[in-house]
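Chain residues, written in single-letter form:
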Amino acid sequence: PSAGSFGVAFLKYAADGTPLWANRDADGPANAFLAHGQMRLDAVGNAYLATLRLGSFSGYDVLVYKFDRNGRPLWPAPVTIDFPFNSDLVGLEVDPCGNAYVFGRTKSTFTSASGSIGEDWDYDLYAAKVSNSGTLAWSYAWGSIQTDFVYAGCLAKNGTLYLTGKSEGPIDGSYGDNPGQEM
């Protein structure tokens, strides 16, 4: 890695604690700070890592990496899940086909009368799927008119992603008195 750069450290230890190998993403994303992450293994021992990157303009983005059982990257670059404003990573799941699913919360946006996009004050939930080959298959955000949280998620064998959390606003689209609802 070049001086002053950040990279993803990836290490493997045997059951008895013996170091087997260490790898580091060559330079990591340029001028980025990598924050906490989540890791999962697939059925053949490939490792998936989802981490947060502090970007230069939009706050935190989510990066997803895939390494083989010897620590070699399987994708030419990490997959970036880039929402317009800050994102937070809550979980990572991997299905039997090697597709990765990440979820968390991201800042809401609004579009002004002039057409510019701005940052809203609340958070919404997001979920995204990264294909086995390292492309973003889909990403969705959902939210009420107030802050929404995702606490946990679980992936069914058929690829259905279940999320649980809390919404501080009405989830039925109404604007009446509603103290928030558990999801």
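All of these numbers come straight from a predicted model, not from anything done at the bench. (Residues numbered from 1 in each chain as written. Predicted model: local features only at pLDDT ≥ 70, side-chain atom pairs only at ≥ 80, totals over all residues. Heavy atoms only, no water.)

### So, the confidence of the model for the protein
The following threshold applies: The quantity called pLDDT is the predictor's confidence in a given residue, expressed from 0 to 100. Here, two residues are considered to be in contact whenever any of their heavy atoms come within 4.5 Å of each other.
Taken residue by residue, the protein gives an average pLDDT of 77. The fraction at 70 or more is 72%. Confidence drops under pLDDT 50 across residues 175-183; counting only partners more than four residues distant or on other chains, this segment forms 21 contacts.

### A few points about the environment of Phe149
Where we set the bar: Only DSSP runs of H or I with at least four residues qualify as helices, and only runs of E with at least two residues qualify as strands; both kinds are numbered from the N terminus onward.
With respect to the helices, strands and loops of the structure, Phe149 is situated in strand β11 (residues 148-155). As for Phe149 and Ser167, which are separated by 18 residues in sequence, their C-alpha atoms are 6.3 Å apart.

### So, the packing of aromatic side chains
This is how the line gets drawn: Two aromatic rings from Phe, Tyr or Trp, using only the six-membered ring of Trp, form a pair when their centres are within 6.5 Å; if the ring planes differ by under 30 degrees the pair is stacked, by over 60 it is edge-to-face, and anything between is tilted. In this scheme, a residue with accessible area under 20% of its type's maximum is buried, one over 50% is exposed, and one in between is partly exposed, where area comes from a 1.4 Å probe on protein chains only.
Taken as a whole, this structure holds four aromatic pairs when the rule is applied. Considering the side-chain rings of Tyr48 and Trp75, the 6.4 Å spacing of their centres and the 70 degrees angle between planes classify their relative orientation as edge-to-face. Separated by 27 residues along the polypeptide, Tyr48 in strand β4 (residues 47-54) and Trp75 in the loop between β5 (60-67) and β6 (79-81) bring together distant segments of the chain. Judged by relative accessible area, Trp75 falls into the buried class, the value being 8%. Arranged with centres 5.2 Å apart and planes meeting at 35 degrees, the rings of Trp138 and Tyr140 form a pair that is tilted.

### Looking at the environment of Gly91
Within the element layout of this structure, Gly91 appears in strand β7 (residues 87-94). Residues Gly91 and Met39 lie 52 residues apart in sequence; the distance between their C-alpha atoms is 8.8 Å. What Gly91 contacts, discounting residues up to four positions off in sequence, is Gln38, Tyr101, Val102 and Phe103.

### Examining the nonpolar core
Note the following rule: Buried residues of nine kinds, namely Ala, Val, Leu, Ile, Met, Phe, Trp, Tyr and Cys, make up a nonpolar core once their side-chain atoms join them within 4.5 Å.
Counting residues in each nonpolar core, the largest one holds 17 residues, and the members touching the most others are Val62, Val64, Ile81, Leu89, Val102 and Val130. Elements supplying a minimum of two residues to this core: β4, β5, β6, β7, β8 (100-111) and β9 (117-130). Apart from residues lying up to four places away in sequence, Val102 is in contact with Ala50, Val62, Val64, Ile81, Leu89, Gly91, Leu92, Tyr126, Ala127 and Ala128.

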